[in-house]
Amino acid sequence: MKPNQNTAILKRTTTVIGGLAILSTALATGPPAHASPTGSTPQATAQATVCGIKIGEVTAAGGLVATNYAATRPPTQTAYQWGPSGLYPPGKARLASFIDFRDANERQVLGYVTLGDAMYFSTYFASASGDLDPEAGPPTLTRVGGGWANYTAFDVSRWANSTSHRTSAYAVRNDGVLSRWTIDDNGAWRNRWSYAGLKGVKSIAVISKTATYDTLLANTVTGVLKTIRIPVSTSLRPVIKTVRSGTWQGFESLIATKCGTSGTLLLGIDKDLQKGYLYAVGHATGTSTVIQSIGLVPAIRFYSPMYFRWGVPAMDDPMNGE
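Residues numbered from 1 in each chain as written. Predicted model: local features only at pLDDT ≥ 70, side-chain atom pairs only at ≥ 80, totals over all residues. Heavy atoms only, no water.

A.B. asks: Which residues make up the pairing of strand E14 (residues 201-209), and what values go with them?
C.D. replies: Most of E14 sits out of view: 9 of its 9 residues are buried. With 7 bridges joining them, E14 and strand E15 (residues 213-220) adopt antiparallel strand pairing. Bridging across to E15, Ile204 finds its partner in Ala218. Between E14 and the antiparallel strand that follows it, E15, lie 3 residues. One ladder, built from 2 bridges, connects E14 with strand E23 (residues 319-320); its direction is antiparallel. Following the sheet pairing, Ser208 is matched in E23 by Asn320. (Buried < 20%, exposed > 50% of the residue type's maximum accessible area, 1.4 Å probe, protein only. Helix = DSSP H or I, 4+ residues; strand = E, 2+ residues; numbered from the N terminus. Pairing = 2+ DSSP bridges.)

A.B. asks: I'd love a proper account of the nonpolar core, names of residues and values included.
C.D. replies: Of all hydrophobic cores here, the largest spans 18 residues; its most connected members are Leu64, Tyr88, Val113 and Phe308. The leading source of residues in this core is strand E8 (residues 118-126), at 4 residues. Among all residues touching Leu64, those that are not within four sequence positions of it are Glu57, Val58, Trp82, Gly83, Pro84, Leu87, Tyr88, Tyr124, Phe308 and Trp310. (Core = buried A, V, L, I, M, F, W, Y, C linked by side-chain atoms within 4.5 Å. Contact = heavy atoms within 4.5 Å.)

A.B. asks: Go over the sheet that holds strand E22 (residues 306-311) with me, naming the residues and quoting the values.
C.D. replies: Each strand in a sheet pairs with another by means of backbone hydrogen bonds, the pair being arranged parallel or else antiparallel. Pairing is mixed in the open sheet, where 8 strands are placed in the order E5-E4-E3-E22-E6-E7-E8-E9. Because the sheet does not close on itself, it has two edges, and the strands there are strand E5 (76-82) and strand E9 (140-145). With direction set aside, neighbouring strand axes in the sheet form an average angle of 25°. Taken together, the 4 bridges between strand E3 (residues 52-58) and E22 define a ladder with antiparallel strand orientation. Paired with Ile55 across the bridge in E22 is Arg309. (Axes fitted to C-alpha atoms, helices over the stretch in contact; angles between N-to-C directions.)

A.B. asks: Tell me what's going on with unusual backbone geometry, and back it up with residues and numbers.
C.D. replies: Note that the residue after Arg73, namely Pro74, is joined by a cis bond; omega there is -5°. Inspection of the secondary structure puts Pro74 in the loop between strand E4 (64-70) and E5. Positive phi is not limited to glycine here, since Thr247 has a value of about 80°. With respect to the element layout, Thr247 can be found in the loop between strand E17 (239-244) and strand E18 (253-259).

A.B. asks: Break down the pattern of salt bridges for me, citing the residues and quoting the values.
C.D. replies: Taken as a whole and assessed by the stated rule, the structure comprises 10 salt bridges. Note that Asp100 is salt-bridged to Arg107, the shortest N-O span being 3.2 Å. With respect to class, Asp100 is no different from Arg107; both count as buried. Note that Asp175 is salt-bridged to Arg173, the shortest N-O span being 2.9 Å. Here Asp175 falls in the partly exposed class, since its relative accessible area comes to 38%. (Salt bridge = Lys/Arg side-chain N within 4 Å of Asp/Glu carboxyl O.)

A.B. asks: Lay out the packing of aromatic side chains with the relevant residues and their values.
C.D. replies: By convention here, two paired aromatic rings are described through the distance between centres and the angle between planes. Inspection of the entire model under this criterion finds 19 aromatic pairs. Here the aromatic rings of Tyr80 and Trp82 are separated by 6.4 Å at their centres, their planes lie at 85°, and the arrangement is edge-to-face. Grouping aromatic residues by their ring pairs yields a cluster made of Tyr112, Phe121, Trp148, Tyr151, Phe154, Trp181 and Trp189. Looking at Lys54, its charged tip hangs above the ring of Trp310, at a distance of 5.0 Å from the centre. Here the guanidinium or amino end of Arg229 rests over the ring plane of Tyr213, the centre of that ring lying 3.8 Å away. (Phe/Tyr/Trp six-rings, centres within 6.5 Å; stacked < 30°, edge-to-face > 60°. Lys NZ or Arg CZ within 6 Å of the ring centre and 35° of its normal.)

A.B. asks: I'd like to hear about the state of the cysteines, residue by residue, with values.
C.D. replies: For the coordinates displayed, the defined rule picks out 1 disulfide. What pairs with Cys51 in a disulfide is Cys259, and their sulfur atoms sit 2.1 Å apart. Negative torsions about the S-S bond denote left-handed disulfides, and the value of about 85° found for Cys51 with Cys259 makes this one right-handed. Of the two residues, Cys51 sits in the loop between strand E2 (20-21) and E3 while Cys259 sits in strand E18, which places them 208 residues apart along the sequence. Of the two residues, Cys51 and Cys259, neither departs from the other in class, the shared state being buried. (Disulfide = S-S within 2.5 Å.)

A.B. asks: Lay out empty space enclosed by the protein with the relevant residues and their values.
C.D. replies: For the structure shown, the criterion picks out 2 cavities of 30 Å³ or more. Looking at the largest cavity, its volume works out to about 110 Å³. Lining of the largest cavity is provided by 14 residues; of these, Asp155, Val156, Arg158, Arg309 and Asp317 occupy positions nearest its centre. Within the residue set of the lining of the largest cavity, elements represented by two or more residues are strand E6 (93-102), strand E10 (151-160), E14 and E22. For the lining of the largest cavity, the leading source of residues is E10, giving 4 residues. Residue composition of the lining of the largest cavity, by class: 6 nonpolar, 3 polar and 5 charged. A volume near 50 Å³ is recorded for the second largest cavity. Every residue along the wall of the second largest cavity is listed here: Ile207, Leu217, Leu225, Thr227, Val243, Val281, Ala284, Thr289 and Ile291. (1 Å grid on protein atoms, 1.4 Å probe; cavity = no way out; pocket = protein on both sides within 12 Å on 5 of 7 lines; lining within 4 Å. Points joined across faces, edges and corners; volume = space filled by probe spheres on them. Nonpolar A, V, L, I, M, F, W, Y, C, P; charged D, E, K, R; others polar.)

In structure tokens, the structure reads:
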């Protein structure tokens, strides 16, 4: 089965005020000390469907795990599924971005993962239990290229409408250089452009993808939370805005998904403490951005070395966070 990004639109229902989905349960009374938000809080006028996020992790042993969380108070784990065990060499996977591609008969998981110094395209067919489908053949790894040992943050923007589509990969190196590649329909990475000026960035997450730009949300070692709007053009000239000036340094991973018409549900993972915190983020407008703390994900230890957003094909996955 060849994956096609132009598939039917996933239905997600929320009640929205000012682009921020209002959760159907009360929000946390306060954020964790290392991630203090400010800003006005919209008031709900009707009951809302609770937003959710699906994250993936590669375990230390090289297996895949998928987990869903709902933005209730406190946050709740709504699904948990082991994928293939030992899919990758133990301790080698560092960065990843995956999607599920499904039809009536089968489910294919495909995306990108770094193993050591190289980036690979990884794909397999999954059974109903999440493990490898024994009738679909073995998983495949196709090497994209080397030189990835110094990259510390990575995400992929997959955008499509009924007539057009594109895939852009973003990565930040440990010296603060942001790179973008265009991935064509044959899987070739082309047109690399770079921007120097993001030294200290710890994690990035796509929060907007449109025909003309992508927006990344990033946090830094000094605690700054910022948006990075990147035009879809031949040059890489981002527009960078500070969202919060401090207290976000505790998160090694930021994972984001759409919530409401133009908001974001954000999971921040503190690997040192093995804890995760959920936030509802309004449409990003710099320091006036509304951020609601939903709270600590209880009774869950985030002990795997690497986490990522587990996405769906682009037509099913609009993101309008900025």
